[in-house]
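A closer look at the structure
Residue-level listing of the chains:
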Amino acid sequence: QVQLVESGGGLVQPGGSLRLSCVASGNIFVINTMGWYRQAPGKERELVAHITSGGSTNYADSVKGRFTISRDNTKNTVYLQMNSLKPEDTAVYYCNADIAVGVDWTTTADYWGQGTQVTVSS
């Protein structure tokens, strides 16, 4: 069973910073793309950023220039550095990963973490 566990959320003032971490564990053969999504109250879940196994990144326009996604493949971990935070960044942030399990490297599936709350308020 693959698990994704997020950490690093909390309460910060506008303009502040947070660093989220997500660690994947279990019977993992390979992890392809990893990403961060968020969901604010009353809104749909949206993509924040993702990163491929080779390091290519993509960001939502709303966070471009403020957030940075990175990964450490030796630790099966993805990070989201969030700077210049705004109240509209308030949401539950979810880690996502496309993973091949066991020895079946030909087939992958999406896995999700439980989420971590980020609140930006003065």
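The structure we're discussing is the one just above.
The structure contained in this document is the topic of the report that follows. (Residues numbered from 1 in each chain as written. Predicted model: local features only at pLDDT ≥ 70, side-chain atom pairs only at ≥ 80, totals over all residues. Heavy atoms only, no water.)

Comments concerning the packing of aromatic side chains
- Following the criterion strictly, the structure yields one aromatic pair and no others.
- In this structure, arginine 19 is placed above the aromatic ring of tyrosine 79, and the distance from its NZ or CZ to the ring centre is 4.0 Å.
- Note that arginine 45 overlies the ring of tryptophan 112, its terminal NZ or CZ placed 4.9 Å from the centroid. (Phe/Tyr/Trp six-rings, centres within 6.5 Å; stacked < 30°, edge-to-face > 60°. Lys NZ or Arg CZ within 6 Å of the ring centre and 35° of its normal.)

Section: the sheet that holds strand S1 (residues 3–7)
- Within the open sheet, the four strands sit side by side as S1-S3-S8-S7. Their pairing is antiparallel. Two strands bound the open sheet, and with one partner strand each, they are S1 and strand S7 (67–72). Looking at each pair of strands side by side, their axes are set apart by 15 degrees on average, direction ignored.
- Summarising the sheet, S7 and strand S8 (residues 77–82) pair through six bridges and their orientation is antiparallel. Bridge pairing links aspartate 72 to threonine 77 in S8. (Pairing = 2+ DSSP bridges. Helix = DSSP H or I, 4+ residues; strand = E, 2+ residues; numbered from the N terminus. Axes fitted to C-alpha atoms, helices over the stretch in contact; angles between N-to-C directions.)

Some details on the state of the cysteines
- Per the counting criterion, the structure on display carries one disulfide.
- Each disulfide pairs two cysteine sulfurs, and for cysteine 22 the partner residue is cysteine 95, the sulfurs being separated by 2.1 Å. Negative torsions about the S-S bond denote left-handed disulfides, and the value of about -85 degrees found for cysteine 22 with cysteine 95 makes this one left-handed. A residue pair is termed long-range when its members are at least 10 positions apart, and cysteine 22 in strand S3 (residues 18–25) and cysteine 95 in strand S9 (residues 91–101) qualify at 73 residues.
- Looking at cysteine 22, the relative accessible area reads 0%, which means it is buried. (Disulfide = S-S within 2.5 Å. Buried < 20%, exposed > 50% of the residue type's maximum accessible area, 1.4 Å probe, protein only.)

Quick word on a nonpolar patch on the surface
- There is a patch of nonpolar side chains on the surface, built from Phe29, Val30, Val103 and Trp105 and spanning about 450 Å² of accessible area.
- Checked against the element boundaries, tryptophan 105 lands in the loop between S9 and strand S10 (109–112).
- Note on tryptophan 105: relative accessible area 57%, which makes it exposed. (Patch = residues over 30% accessible without salt bridge, like charges linked within 9 Å, V, L, I, M, F, W, Y side chains within 5 Å. Areas by Shrake-Rupley, 256 points an atom, 1.4 Å probe, with all protein chains shown as cover. Salt bridge = Lys/Arg side-chain N within 4 Å of Asp/Glu carboxyl O.)

Brief notes about the nonpolar core
- Within the largest apolar cluster, 30 residues are counted, with the highest numbers of intra-cluster contacts made by Trp36, Leu80, Met82 and Tyr93.
- Sorting the residues of this core by element identifies S3, strand S4 (28–39), strand S5 (46–51), S7, S8, S9 and strand S11 (116–120) as the ones contributing at least two each.
- Here the element with the most residues in this core is S9; it accounts for five residues. (Core = buried A, V, L, I, M, F, W, Y, C linked by side-chain atoms within 4.5 Å.)

Keep in mind these numbers describe shape, not what the thing actually does.
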